[in-house]
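Here are the chains, one letter per residue:
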Amino acid sequence: MATIEECRSALDRLSESLAQAEGDVRSAAALDRSLSCRITDLDITFMGRLADGHIRDVITVPGPPTERAQIRLSMAGDDLVALVNGDIHFAKAWASGRVKLEAGLLDLLRLRSLL
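Along each chain, residue indices are assigned from 1 in the same order as the chain's sequence is written. This being a predicted model, a pLDDT of at least 70 is required before a residue's local features are given, and a value of 80 or more before pairs of side-chain atoms are given or counted; all residues contribute to the totals for chains, interfaces and linings. Heavy atoms throughout the structure, all of them, feed into the side-chain values; hydrogens and water do not.

As recorded in an unreviewed UniProt entry, the protein chain goes by Sterol-binding protein and comes from Streptomyces silvisoli.

Here it is as structure tokens:
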């Protein structure tokens, strides 16, 4: 099972990748939206902001999110680490229920190039 530190490191690496992206991925990452990533097996939630191609102002809160973010992810810690490392593909993880993503329709359309 991934630790809180491994999950935080994975989010930091994801933020770096988004910042270095180009083309459609870069424009999708340029959203300015609140973001939460619930790690179900650790019973924690990372909350922050996706802005200018970075995940910023990340805090860790125990349990479920304290506020409803505009983009909401939920998964096990091992799945977050595997996604960021490229060991599993987002579409397969989402289709199998290992990863849950909730967002408004327009955000989902823009995010599809990231996923």
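(A) Representation of the overall build of the protein chain within the structure. A tally of helices and strands in the protein chain yields five helices and five strands. Per the convention used, a helix needs a DSSP run of H or I reaching at least four residues, while a strand needs a run of E reaching at least two, with both numbered from the N terminus. Element order for the protein chain, N to C, with α for helix and β for strand: α-α-β-β-β-β-α-α-β-α. Over its C-alpha atoms the protein chain spans a radius of gyration of 13 Å, differing by no more than 12% from the 13 Å that the globule rule assigns to 115 residues. Each principal axis of the C-alpha atoms in the protein chain carries an extent, and together these give about 35 × 30 × 25 Å. Computation of the radius of gyration draws on C-alpha atoms alone. For the globule rule, the value is 2.2 Å times the number of residues to the power 0.38.

(B) Quick look at the sheet that holds strand β3 (residues 54-62). Only strands that DSSP links by at least two bridges are regarded as paired with each other. In spatial order, the strands read β3-β2-β1-β4-β5; together these five strands make up an open sheet with mixed pairing. The outermost strands of the open sheet, each flanked by one partner alone, are β3 and β5 (99-103). Each strand axis lies, on average, 15° off the axis of its neighbour in the sheet, ignoring direction. Taken together, the five bridges between strand β1 (residues 33-39) and strand β4 (residues 71-75) define a ladder with parallel strand orientation. The residue of β4 that forms the bridge with Leu 35 is Ile 71. Any pair of residues with heavy atoms lying within 4.5 Å of one another is described as a contacting pair. Under this scheme, a helix contributes an axis fitted over its contacting stretch, all axes are lines through C-alpha atoms, and angles between N-to-C directions fall in the 0 to 180 degree range. Strands in contact with helix α1 (residues 4-20) are β1, β2 (44-51) and β3; relative to β3, the strand with the most contacts, it is inclined by about 165°. In the packing of helix α3 (residues 77-85) onto the sheet, contacts are made with β1, β4 and β5, and the angle to β4 comes to roughly 110°.

(C) The arrangement of unusual backbone geometry in detail. Even without a glycine there, the phi angle at Asp 43 is positive, about 55°. Assignment of secondary structure puts Asp 43 in the loop between β1 and β2. The cut-offs for exposure are 20% and 50% of the maximum accessible area for each residue type, with area from a 1.4 Å probe on protein chains only; residues under the lower value are buried, those over the upper are exposed, and the others partly exposed. Judged by relative accessible area, which is 41%, Asp 43 ranks as partly exposed. The phi dihedral of Asp 57 is positive, around 55°, even though this residue is not glycine. Its location among the elements puts Asp 57 in strand β3. A relative accessible area of 67% places Asp 57 in the exposed class.

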